[in-house]
Amino acid sequence: MKIQQFVVIGLGRFGSSLALELMDLGYEVLGVDLNEELVNDMSAYLTHAVAADATDEDMLKSLGIRNFDCGIVAIGSDIQMSILTAILLKDLGIKTVVAKAISVLHGRALEKLGVDRVIFPERDMGVRVAHQLVTPNLLDYIELSKEYSIVELSVPACLAGKTLGEINPRVNYNCSIVAIHKQTGVIVAPTAMDVLNAGDIMVMIGSNENIDRFEAVINEDE
């Protein structure tokens, strides 16, 4: 079932950015924060915004929280409040609970509570930026596990004009190009006959070791 309604608890930089993006994607978003000023700033942009204590179970019930498809705990530095809020969202029966963690220990606690997904925004952004700094053609990086990733790579000059069949990344590097972003649109599951051009973006999936090997080869040829 497609998620339609989100509640974002904590409207700091991370929470407000996430809430606004969900609105832009066409979803209904309820924002909750103790800070009335933050709530007032966001009220014009969200479906609804409320200044309230998210650790107050009766208040959450009055907002109809249990009817939301996904609850996001985006509370910043108050770990106790974050954990209590996550517990309440789980107890109230929200289908999917996502929570921001500010430390490894905080993340472990959230996982033990049964939170469906724990996010480390600062750590994850640091990892992405580090990879982008050391790999010239890397545009984005998503870690699937410790061993596997999805990366976006700009097509270097050495690959421009070649078909995927000529490059044959699956055979030569044990990686797969699963999509190509072109100026005319996105090719999903491209075939061996599709041609790479300068300005295209390759979406590649594979083990970190094999992706690194592919990147090293194309960087040598630049």
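Residues numbered from 1 in each chain as written. Predicted model: local features only at pLDDT ≥ 70, side-chain atom pairs only at ≥ 80, totals over all residues. Heavy atoms only, no water.

Going by what an unreviewed UniProt entry lists, the protein chain is known as Potassium transporter Trk and is assigned to Paenibacillus woosongensis.

### A few points about a nonpolar patch on the surface
To keep things clear, this is the line we draw: Patch definition: residues above 30% relative accessible area lacking any salt bridge, with like charges linked at up to 9 Å and the nonpolar side chains Val, Leu, Ile, Met, Phe, Trp and Tyr linked at up to 5 Å. Here the accessible surface of atoms and residues is derived via Shrake-Rupley with a 1.4 Å probe, and residues count as covered only by protein chains that are part of the display. A pairing counts as a salt bridge when a side-chain nitrogen of Lys or Arg comes within 4 Å of a carboxyl oxygen of Asp or Glu. Helix and strand definitions follow DSSP, with helices as H or I runs of at least four residues and strands as E runs of at least two, each counted in order from the N terminus.
A cluster of nonpolar side chains, namely Ile 142, Leu 144, Tyr 148, Val 178 and Ile 205, defines an oily patch on the protein surface of about 410 Å² accessible area. Looking at where Ile 142 falls in the secondary structure, it is placed in strand E7 (residues 138–143).

### Description of the pattern of salt bridges
Side chains bearing opposite charge may pair, as long as their charged atoms lie close to each other. The line we're drawing: Only protein chains enter the area calculation, which uses a 1.4 Å probe; residues under 20% of their type maximum are buried, those over 50% are exposed, and those in between are partly exposed.
Considering all chains together, one arrives at four salt bridges under this definition. Put simply, Lys 95 and Asp 69 hold a salt bridge, and the shortest N to O gap is 3.5 Å. Of the two residues, Lys 95 is situated in the loop between helix H4 (79–91) and strand E5 (96–100) and Asp 69 in the loop between helix H3 (57–62) and strand E4 (70–73); the sequence distance between them amounts to 26 residues. Given a relative accessible area of 52%, Lys 95 falls into the exposed group. The closest approach of N and O atoms between Asp 116 and Lys 90, which form a salt bridge, is 3.4 Å. Of this pair, Asp 116 sits in the loop between helix H5 (104–112) and strand E6 (117–119) while Lys 90 sits in helix H4, placing them 26 residues apart in sequence. The partly exposed category is assigned to Asp 116, whose relative accessible area is 43%. Of the residues examined, Lys 90 reaches a relative accessible area of 27% and is grouped as partly exposed.

### Regarding the packing of aromatic side chains
Condition: Ring pairs are drawn from Phe, Tyr and Trp, using the six-membered ring of Trp, whenever the two centres fall within 6.5 Å, and their geometry is named by plane angle: stacked under 30 degrees, edge-to-face over 60, tilted for the rest.
By the definition in use, this model includes two aromatic pairs. Between the aromatic rings of Phe 6 and Tyr 27, the centroid separation amounts to 5.5 Å while the plane-to-plane angle is 80°, which identifies the pairing as edge-to-face. One end of the pair, Phe 6, is in strand E1 (residues 5–9); the other, Tyr 27, is in the loop between helix H1 (13–24) and strand E2 (28–33), and 21 residues separate them in sequence. Of the two residues, Phe 6 and Tyr 27, neither departs from the other in class, the shared state being buried. For the pair Tyr 173 and Phe 214, a centre-to-centre distance of 5.0 Å together with 85° between the ring planes defines the contact as edge-to-face.

### Remarks on the environment of Glu 122
With respect to the helices, strands and loops of the structure, Glu 122 is situated in helix H6 (residues 121–134). Taking the relative accessible area as the measure of exposure, Glu 122 reaches 53% and is therefore exposed. Residues Glu 122 and Ile 102 lie 20 residues apart in sequence; the distance between their C-alpha atoms is 7.9 Å.

### Quick look at the nonpolar core
Going by this rule: Throughout this description, the term nonpolar core refers to a set of buried Ala, Val, Leu, Ile, Met, Phe, Trp, Tyr and Cys residues connected via side-chain atoms within 4.5 Å. We call two residues in contact whenever any of their non-hydrogen atoms come within 4.5 Å of each other.
Grouped together as the largest cluster of nonpolar side chains are 26 residues, with contacts concentrated most on Val 7, Ile 9, Leu 30, Ile 65, Leu 89, Leu 110 and Val 115. No other element matches H4, which puts four residues into this core. The residues contacting Leu 89, other than those within four sequence positions of it, are Ile 9, Ile 65, Gly 71, Val 73, Ile 94 and Val 97.

### Section: the environment of Ser 145
By the element assignment, Ser 145 lies in the loop between E7 and strand E8 (148–154). With relative accessibility at 26%, the residue Ser 145 sits in the partly exposed group. Along the primary structure Ser 145 and Asn 208 are separated by 63 residues, whereas in three dimensions their C-alpha atoms are 9.4 Å apart.

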